[in-house]
Amino acid sequence: MDSALLPKGVKRCSFPQFSIGILIVGAVLLWGVYAMLLCWFKGLNQTGMNDSYGFALWIWADLAVIALGGGAFFTGLLKYIIGKDELKNIINFAVVIGFICYSSALLILAIDVGQPLRSWFIFWHVNVHSMLAEVAFCLSIYFSVLAIEFVPLLLENRKLDEVPFFHNLAHNMHEVMAVFAATGAFLSCFHQGSLGGVAGVLFGRPFAFREHLLVWPWTFFLFTWSAAAYGPCFTILLTKITEGITRKKLVKDNVVDLLAKISGWMIASYMVAKLIDTWYWATVTAPSRGLTFMQFYSDGNGLYTLWIIVAELVVGGILPALILTNKTLRANKSMLLLAVILACIGVCINRWVMVLQVMAHPVLPFEEWFAYMPSWQEVATTILPVAYGVILASLAYRYLPVFPQERELNPVNG
Amino acid sequence: MFPFSFEWAWDMAHYVFLGGMWYAIGIISAGLSYCIGKALLDTVAGKGHDHGGDHH
Amino acid sequence: MNKTHNTQKAKKYGMVIDLDKCTGCGACMVACMAENNVPFKKDETNKLDSITWMHLYKLTNGKAFPETEICYLPRPCMHCEGAHGHPPCVSVCPATATDYDHGTGIVSQIYTRCFGCRYCMGACPYHARYFNWWDPVWPEGMKEYLSPNVSPRMRGVVEKCSFCFHRYQLAMDKAYHEGRKELEEHEYQSSCTQACPAGAITFGDLNNPDHQVHKIARPDNEHGGKPSATNVFRLLERLGTNPKVYYMSSREWVRRLGDNYLPHEKTGEIALGKQKGHH
Ligand code: SF4
Ligand code: SF4
């Protein structure tokens with residue numbers, strides 16, 4: 001039915017089968033849209049947030065998708081600037097994921113603010129000292145870069161490519177892609193970093209506050225670094241999931257292996273920096289404010305106790321770093337999969353504690369730990385981008401030549 | 001964002017922050033204009049009418 | 001971020017609250033709600049989403065009867081000065097919707113500018129900022145009683161104690177008409193100060209040696225306004241927020257609850273919280 005639109009020389013499932021899949025995910029999407037409309041029309045009283053928990057699930061979701069979407073800028077940097085040419089076989093997919101992640105982040109932000117119609121104030125009346133302003137600027141400009149990186153792929157759709165102008169445009173965009181990729185990497189460094197800065201500058205919040213280097217707290221650098229380190233793991237994970245669903249091999253092992261290796265070493269070096277940061281914070285920064293390390297992990301509700309830092313640093317950091325930096329281990333399919341899953345969980349926990357534990361920890365000595373439970377509206381609006389992402393990724397896979405090696409790896413007879 | 005908003009100040013922070021912003025926007029729009037412009041010229045010149053549809 | 005300082009000597013309005021006098025009656029909270037058109041809900045049981053610019057905390061020494069002691073602590077916005085007029089909440093606001101006024105030392109909140117990102121709430125360690133989770137609903141006829149000097153707020157924005165800034169403006173208008181540039185101490189007083197039946201709250205210009213607040217707290221402006229009077233302290237002094245609300249109590253356990261201390265540290269004897277880095 002839609003065969004004229006499918007890329008040449010590859011096999012896709014039948015259109016009805018595809019539509020049913022999309023419809024099922026679409027139902028989830030609609031549920032999320034309903035919750036989103038509730039939040040917009042009834043206000044943020046639809047959430048589980050309160051005055052002690054002004055930042056909660058949504059801000060975490062934002063930080064998490066942006067960290068995971070970091071694979072786009074880092075793979076782009078490696079391919080276009082550093083010249084790892086093999087990565088051209090996975091860069092398209094990394095861009096699609098990045099595009100999904102960043103558009104999701106912007107959507108969540110638009111739901112999260114109390115007066116969405118005033119969002120433009122952040123640009124118009126910008127306070128250049130605010131980390132959130134830096135986030136907003138770099139995020140939106142970088143999103144336009146991702147859109148630009150996505151366009152040539154879109155234009156390579158079989159039908160669109162038949163239009164000479166589109167063909168030429170895609171061709172020209174490919175040629176100057178390095179410029180866009182470099183700008184994207186520049187912007188990414190800043191917004192990933194300023195997302196870390198969002199927590200690190202809070203000198204009223206000893207759990208979050210970090211010493212500064214120039215105008216940026218340490219978390220600035222740690223966030224950029226971790227996004228570059230963990231982002232590619234998410235790209236690999238989704239590639240593996242796509243391969244699982246389509247029951248096809250889509251990217252050659254050497255490409256995945258290269259990305260996994262780089263990611264592994266990045267995680268390893270990040271972990272060194274992160275451990276030093278944690279140690280310095282626990283022994284110098286926090287005690288200078290009258291707090292001991294254990295006070296930050298003594299949540300009476302049981303959530304923020306030592307397990308969370310072990311899960312973040314050991315299970316989600318050191319372990320994947322060990323697996324990914326070891327040639328034999330990462331050549332083992334299950335080990336590789338385990339490592340990327342753990343890494344994604346690790347970075348998500350990091351973003352979680354840097355938002356929610358900051359809010360939960362009582363700073364005034366006569367207060368108790370604060371508890372928070374997201375409402376269904378918050379959960380639904382957080383799942384909404386996932387559903388949207390699945391749909392967009394499926395459409396992209398079906399109609400665009402996302403994986404350049406697919407044809408070679410899966411020859412179609414006749 | 002613009003000098004006519006009242007919170008604007010002619011100071012280093014504004015130069016660096018908004019300088020960076022306009023710089024990035026400048027590069028992106030210049031790059032995009034180049035691509036579109038050249039694609040138009042190419043199309044007029046008759047390129048792209050017959051191709052394999054594969055370029056990476 | 002208007003950095004032009006007034007030609008007159010800059011004021012630094014602040015408060016001293018005597019916790020030994022406070023009975024916890026809550027008159028300050030009520031006066032504040034009425035003065036500032038603070039919205040409320042039918043059901044105010046959930047204190048985490050109701051708005052109280054002035055909030056009363058109940059402190060206890062944690063001991064069993066008969067040694068149990070209670071202390072009530074009224075908490076307005078501290079109008080922190082931070083390092084150089086950079087309170088925790090002001091530098092984080094992306095839209096310049098809250099600002100530090102160098103002329104009065106008051107931290108303002110521009111309701112029509114705030115777009116409700118709530119970053120400032122996360123930044124404030126005192127929970128002095130409140131979000132309007134709902135649109136305000138006034139009981140029948142109450143709209144007529146709202147103060148015309150304070151704009152009511154809409155859903156989705158943050159609000160907080162303004163040290164009754166409209167009273168400052170009114171007092172300045174009056175002084176101007178009378179050809180004066182300076183205010184008398186009694187001309188500008190916050191609503192809670194005047195409402196407190198125990199006289200626990202003192203309000204005035206911390207920079208003016210003739211004002212009561214200065215005489216009681218004796219702020220050491222060389223060291224970030226740290227009080228030099230005995231028994232006077234500020235909440236979370238060592239974070240470097242540099243608040244302009246001072247507390248006093250003769251009870252050591254109360255003063256100790258005013259800050260975080262490592263077990264070996266003595267109450268009140270702390271190096272000033274370092275103010276590194278944030279710009
Ligand atoms: S008490 Fe909170 S809201 Fe008030 S100035 Fe200090 S940080 Fe800002
Ligand atoms: S909630 Fe309003 S005042 Fe607070 S940081 Fe956001 S825009 Fe600024």
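Residues numbered from 1 in each chain as written. Chains lettered and ligands numbered in written order. Predicted model: local features only at pLDDT ≥ 70, side-chain atom pairs only at ≥ 80, totals over all residues. Heavy atoms only, no water.

Some details on the overall build of chain A
Right, so step 1: Helix and strand content of chain A: 16 helices and two strands.
Right, so step 2: For 414 residues, the compact-globule formula gives about 22 Å, and the C-alpha radius of gyration of chain A, at 22 Å, lands near that figure.
Right, so step 3: Each principal axis of the C-alpha atoms in chain A carries an extent, and together these give about 75 × 55 × 35 Å.
Right, so step 4: In chain A, buried positions account for 62% of the 414 residues.
Right, so step 5: Counting only contacts in chain A whose residues sit at least 6 apart along the sequence, the fraction spanning at least 24 positions is 79%.
Right, so step 6: Split by element, the accessible area of chain A, about 15,000 Å² in all, is 73% carbon and sulfur. (Helix = DSSP H or I, 4+ residues; strand = E, 2+ residues; numbered from the N terminus. Rg over C-alpha atoms; globule rule 2.2 N^0.38 Å. Buried < 20%, exposed > 50% of the residue type's maximum accessible area, 1.4 Å probe, protein only. Contact = heavy atoms within 4.5 Å. Areas by Shrake-Rupley, 256 points an atom, 1.4 Å probe, with all protein chains shown as cover.)

Let's talk about the sheet that holds strand 11 (residues 232-233) of chain C
Residue and element names in this part refer to chain C.
Right, so step 1: The strand order across the open sheet built from four strands is 8-1-12-11, with neighbouring strands paired in mixed fashion. With one partner strand each, in any of the chains shown, strand 8 (201-205) and strand 11 form the two edges of the open sheet.
Right, so step 2: As judged from the five bridges shared by strand 1 (residues 13-18) and strand 8, these two strands associate in the antiparallel manner. Paired with Val16 across the strands is Thr202, a residue of strand 8. (Pairing = 2+ DSSP bridges.)

Focus on the side chain of Glu406 of chain A
Right, so step 1: Within the element layout of this structure, Glu406 of chain A appears in helix 16 (residues 406-409).
Right, so step 2: Of the polar contacts made by the side chain of Glu406 of chain A, one reaches the side chain of Arg12 of chain A; its length is 2.7 Å. (Polar contact = N/O pair within 3.5 Å; in protein donor to acceptor, adjacent residues only side chain to side chain.)

Some words on the interface of chain C and chain A
Many structure descriptions define interface size as the accessible area lost when the parts assemble.
Right, so step 1: If you look at the interface, chain C gives 61 residues, while chain A gives 56 residues.
Right, so step 2: The contact between chain C and chain A buries some 5,000 Å² in all, and 59% of this surface belongs to carbon and sulfur atoms.
Right, so step 3: Taken together, the links from chain C to chain A amount to one salt bridge.
Right, so step 4: Among the ionic pairs, Asp112 of chain A bridges to Arg118 of chain C, the shortest N-O distance being 2.8 Å.
Right, so step 5: Put simply, chain C and chain A have 28 residue pairs in polar contact (both at pLDDT 80 or more) between them. (Buried area = accessible area lost by both parts, 1.4 Å probe. Salt bridge = Lys/Arg side-chain N within 4 Å of Asp/Glu carboxyl O.)

Observations concerning the state of the cysteines
Residues and elements named next belong to chain A.
Right, so step 1: Per the counting criterion, the structure on display carries zero disulfides over all chains.
Right, so step 2: Not engaged in a disulfide, the cysteine Cys138 finds its nearest cysteine sulfur in Cys189; these two sulfurs lie 9.8 Å apart.
Right, so step 3: Residue classification places Cys138 among the buried positions, given a relative accessible area of 10%. (Disulfide = S-S within 2.5 Å.)

Quick notes on the environment of Gly43 of chain A
Right, so step 1: Tracing the backbone through its elements, the reader meets Gly43 of chain A in the loop between helix 1 (15-42) and helix 2 (57-68).
Right, so step 2: Using a relative accessible area of 5% as the deciding quantity, one classes Gly43 of chain A as buried.
Right, so step 3: Each C-alpha atom of the pair Gly43 of chain A and Phe165 of chain A lies 45 Å from the other, and the pair is 122 residues apart in sequence.
Right, so step 4: Non-local contacts of Gly43 of chain A, meaning those with residues more than four positions away in its chain, are made with Leu38 of chain A together with Arg155 of chain C.

Geometry only, nothing functional implied.
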